[in-house]
Amino acid sequence: MSTRVWKSGISLCLLFACTVLAQEKADLNAVHRIKAEAFENSKVMEHLFYLTDVHAPRISNSPGYRAGAEWTMGRLKEYGLENIHKEAVPFGRGWSCRRFSVHLIEPEYAPLIGIPLAWTQGTNGPIAGEPVLAVLRTDADLEKFKGKLKGRIVLTDALREIPLPLQPDARRYSEIDLAQMLAAPEPGARPQRPVQPGTPFVSREEAMAFRRRLTEFLRSEGVAATIGGGLRGNNGTVFATSGGSREMKDPVPPPGIAIAPEHYNRLYRLLDKKVPVKLELEMQVKLDESSLDCFNILAEIPGSDKKDEVVMLGGHFDTWHGGTGATDNSSGVSVAMEAARILKTLKLPLSRTVRLGFWAGEEAGFIGSRAYVKEHFADRETMQLKPDHARLAAYFNYDNGGGKIRGIYLQNNDMARPVFEAWLNPLKSLGAGTATIRNTSGTDHLAFDEVGLPGFQFIQDPLAYDTRTHHSNMDLYDAIPPGDLMQSSAVMAVFAYQAANREQAIPRKPLPTPQTRRRQANP
């Protein structure tokens, strides 16, 4: 190709992009009013307070989930939203913890920082005893300790090296970081690595199969309780979620506990040096099999001339139980509620209906959002479309902590770039200006994207999400800067308003091929 032809091609592409961008305009008057309401009359931290300090944690199909849902639906009704309702989602047994403690009694007393593992049994009162070391990570380990653990409190992890943290836990994306996001990712397969540190398993399927064998081993051996050092962490932070299964066909393992890695290492060293150790612990839990359904929460602001078409905002409603789920994902629920409140308060005209969706079972594999998409839009296994598939203009998700929005992931949809860049332009002063072609995973927008719907997740400042709060005992209200949630609420409200009033729906990628069903990993 000649240099002249190449340059001409580039010029045409730039001209096309500029033309589209020029045609796509943000309603600056509405943007100004939305920003003023979001920062001057915010209710987002009040939402967060009730969803963390009062109604949390919210494991799916637990009393906390149901109580939080009632509060949320009541508040949305106060704000004037309509068609507020629940939609049932098959889930499995419920689990909640009513009391928990773990103590080192000998050689010297110390309270231990810990979290009970979800979907494990309770202790039926306090139990005490001398623990035993038995690292259980492979089938060979199970064979090695067969017949040796009856009635014992078992430490199941290896000693972990805990590097001294020399960098701050929290950070914001720099301009360099955001600029790098604009580049498409390098092609090529990712190297395989263990799905959990300290194990040989490189797939969730392998890991879950071993966990089922481990559960059967612990039950058959008559183990009193297991204690581990969490998934990662330092400085007293415990990263841990579940030790059993929500599914009725799976047996419930003995009581499982994760403690702070520094505390775990102390116990390990004591036992390794043959120093007598005595522990006392108690887990009071409720395994609820009275109903195996959970539910999503839906609410609407009706549109006008295109009211049958829908723009959706949302995030998952369930949390883990180590903390109160502030950054995962009470922040997302709070922001979406606030965006809806802003639109209703300002009485902004909406051509399309704006619908909120708060999902059950995200932590178990997008159970709620996938059930909703299958019921209303399409079955990803067959790609048989329902009429409403054509009526969804876009879905915007918030679930990457409590950091402010810095832009949006395009999910490999370059056709949406000029649209979103135009909407982001008046928000650059708030720090939101990046539209990256890259995909992001791990949350509910994927349920929409995988059936060819325009589903998007915002880029958010990481803060201390991965280093301190995500699935940990430190996922608490105080981990979230109020200004970040105010900014996020403004950005989400702007995107909802623009999408609801755009002449055309958001451009779509080609429909994907049907996906072979994979067994969802249990939490």
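Cut-offs used in this document
- Residues numbered from 1 in each chain as written.
- Predicted model: local features only at pLDDT ≥ 70, side-chain atom pairs only at ≥ 80, totals over all residues.
- Heavy atoms only, no water.
- Helix = DSSP H or I, 4+ residues; strand = E, 2+ residues; numbered from the N terminus.
- Rg over C-alpha atoms; globule rule 2.2 N^0.38 Å.
- Buried < 20%, exposed > 50% of the residue type's maximum accessible area, 1.4 Å probe, protein only.
- Contact = heavy atoms within 4.5 Å.
- Areas by Shrake-Rupley, 256 points an atom, 1.4 Å probe, with all protein chains shown as cover.
- Lys, Arg positive; Asp, Glu negative; His and termini not counted.
- Charge placed at Lys NZ, Arg CZ, Asp CG, Glu CD.
- Phe/Tyr/Trp six-rings, centres within 6.5 Å; stacked < 30°, edge-to-face > 60°.
- Lys NZ or Arg CZ within 6 Å of the ring centre and 35° of its normal.
- Pairing = 2+ DSSP bridges.
- Axes fitted to C-alpha atoms, helices over the stretch in contact; angles between N-to-C directions.
- Salt bridge = Lys/Arg side-chain N within 4 Å of Asp/Glu carboxyl O.
- Polar contact = N/O pair within 3.5 Å; in protein donor to acceptor, adjacent residues only side chain to side chain.
- Parallel < 35°, antiparallel > 145°, perpendicular 65-115°, else oblique.
- Left-handed = near helix turned anticlockwise from the far one by under 90°.
- pLDDT = per-residue confidence, 0-100.

*Asks:* Lay out the overall build of the protein chain with the relevant residues and their values.
*Replies:* On a plain count of helices and strands, the protein chain comes out with 14 helices and 19 strands. On C-alpha atoms alone, the protein chain measures out to a radius of gyration of 25 Å, which is about the 24 Å that the 2.2 N^0.38 rule sets for 523 residues. The principal-axis extents of the C-alpha atoms in the protein chain amount to approximately 75 × 60 × 45 Å. Taking all 523 residues of the protein chain together, 55% fall into the buried category. Taking all contacts inside the protein chain whose residues are at least 6 apart in sequence as the whole, residues at least 24 apart take part in 86%. In the structure as shown, the protein chain presents an accessible area of about 23,300 Å², 53% of it carried by carbon and sulfur atoms. Between the mean site of the 63 positive side-chain charges and the mean site of the 60 negative ones, the protein chain shows a separation of 2 Å.

*Asks:* Give a description of the packing of aromatic side chains that names residues and reports values.
*Replies:* For the structure shown, the criterion picks out 22 aromatic pairs. An angle of 45° between the planes, with centres 6.2 Å apart, marks the rings of Phe91 and Trp119 as tilted. Note that Phe91 is positioned in the loop between β1 (82–90) and β2 (94–106) and Trp119 in the loop between β4 (114–116) and β5 (127–129), a separation of 28 residues in sequence. Among the residues examined, Trp119 registers a relative accessible area of 2% and is labelled buried. Pairing Trp119 with Trp320 gives two aromatic rings, centres 6.2 Å apart and planes at 85°, and the pair type is edge-to-face. With Trp119 in the loop between β4 and β5 and Trp320 in the loop between β12 (306–316) and α9 (326–346), this residue pair connects regions lying 201 residues apart in the sequence. A cation over a ring is seen here: Lys86 above Phe295, with NZ or CZ 4.7 Å from the ring centre.

*Asks:* Just give me the short version of the sheet that holds strand β19 (residues 455–460), but keep the residues and values in it.
*Replies:* Taken together, eight strands build an open sheet; the order of strands is β1-β11-β13-β12-β16-β19-β17-β18 and the sheet is mixed. For this open sheet the edge positions go to β1 and β18 (434–436), each flanked by a neighbour on one side alone. Here the average twist between neighbouring strands, direction ignored, is 25°. Relative to strand β13 (residues 352–359), strand β11 (residues 293–301) runs antiparallel, the two being bridged by five bridges. Considered in β13, the bridge of Glu300 is made with Arg355. Of the strands in this sheet, β1, β11 and β13 are in contact with helix α4 (residues 63–78), which crosses β11 at around 10°. Along the sheet, α9 makes contact with β11, β12 and β13, crossing β13 at roughly 160°.

*Asks:* Mind laying out the sheet that holds strand β7 (residues 153–155), listing which residues take part and the relevant values?
*Replies:* Taken in spatial order, the five strands of this open sheet run β4-β9-β8-β7-β6, and their pairing is mixed. The sheet is open, and its two borders are formed by β4 and β6 (132–133), each paired with just one other strand.

*Asks:* Talk me through helix α11 (residues 417–424); I want residue IDs and the actual numbers.
*Replies:* The element α11 is extensively covered by neighbouring structure, given that seven of its eight residues are classed as buried. Taken residue by residue, α11 has Arg417, Pro418, Val419, Phe420, Ala422, Trp423 and Leu424 as its buried positions.

*Asks:* Hey, could you go over the pattern of salt bridges for me, with residue numbers and the actual values?
*Replies:* In this structure the tally under the stated criterion is 29 salt bridges. Across the pair Asp139 and Arg213 runs a salt bridge, and its minimum N-O distance is 2.9 Å. Note that Asp139 is positioned in helix α5 (residues 139–144) and Arg213 in helix α7 (residues 204–221), a separation of 74 residues in sequence. A relative accessible area of 36% means that Arg213 is categorised as partly exposed. A single network of salt bridges, built from pairs that share partners, joins Arg172, Glu175, Arg406, Asp461 and Asp484.

*Asks:* Give me the lowdown on α9, citing residues and values where you can.
*Replies:* In terms of residue burial, α9 counts as a mostly covered element, since 19 of its 21 residues are buried. Immediately beyond the C-terminal end of α9, within one or two residues, lies Lys347, with a positive phi of roughly 55°.

*Asks:* If you had to explain the side chain of Asn296 to someone new, which residues and values would you point to?
*Replies:* With respect to the helices and strands, Asn296 occurs in strand β11. In this structure the side chain of Asn296 is engaged in a polar contact, spanning 2.9 Å, whose partner is the backbone nitrogen of Ala360.

*Asks:* Describe unusual backbone geometry, listing the residues and the values that go with them.
*Replies:* Note that the residue after Glu106, namely Pro107, is joined by a cis bond; omega there is 15°. Inspection of the secondary structure assignment puts Pro107 in the loop between β2 and β3 (110–111). Between Asp328 and Asn329 the backbone carries a cis peptide bond, its omega angle lying at 10°. Tracing the chain through its elements places Asn329 in helix α9. Positioned with a positive phi, Trp119 is a non-glycine residue whose angle comes to about 60°. Even without glycine at this site, Lys347 takes up a positive phi of about 55°.

*Asks:* Break down the environment of Asp478 for me, citing the residues and quoting the values.
*Replies:* Tracing the chain through its elements places Asp478 in the loop between α13 (465–469) and α14 (482–501). A residue is classified by how much of its surface remains accessible, and Asp478, at 71% relative accessible area, is exposed. In this structure, the C-alpha to C-alpha distance between Asp478 and Thr327, residues 151 residues apart in sequence, is 9.8 Å.

*Asks:* Hey, could you go over the pairing of strand β8 (residues 225–228) for me, with residue numbers and the actual values?
*Replies:* Neither face of β8 is left uncovered, since the one carrying Ala225 and Ile227 and the one carrying Thr226 and Gly228 both have all their residues buried. With three bridges connecting them, β7 and β8 associate as parallel partners. When the bridges of β8 are listed, Ile153 appears paired with Ala225. Bridge count between β8 and strand β9 (residues 256–259): three bridges; the pairing is parallel. Paired with Ile227 across the strands is Ile257, a residue of β9.

*Asks:* Describe the packing of helix α2 (residues 28–40) against α14, listing the residues and the values that go with them.
*Replies:* At a minimum axis distance of 9 Å, the contact between α2 and α14 shows a crossing angle of 150°. It follows that α2 is roughly antiparallel to α14 by the angle criterion. Considering the relative orientation of α2 and α14, their crossing is right-handed. Here Ala30, Val31, Ile34, Lys35, Ala38 and Phe39 of α2 lie close against α14, whose contacting residues are Gly483, Met486, Gln487, Ala490, Ala493, Val494, Tyr497 and Gln498.

*Asks:* Requested: an account of the confidence of the model for the protein chain, with residues and values cited.
*Replies:* Taken over all residues, the pLDDT of the protein chain has a mean of 92, while the share at 70 or more is 92%. Here residues 1–21 is a poorly scored stretch, pLDDT under 50, and it has five contacts once near neighbours within four places are set aside; other chains count. In this model, residues 518–523 is a region of pLDDT below 50 whose contacts with residues beyond four sequence positions or in other chains number 29 contacts.

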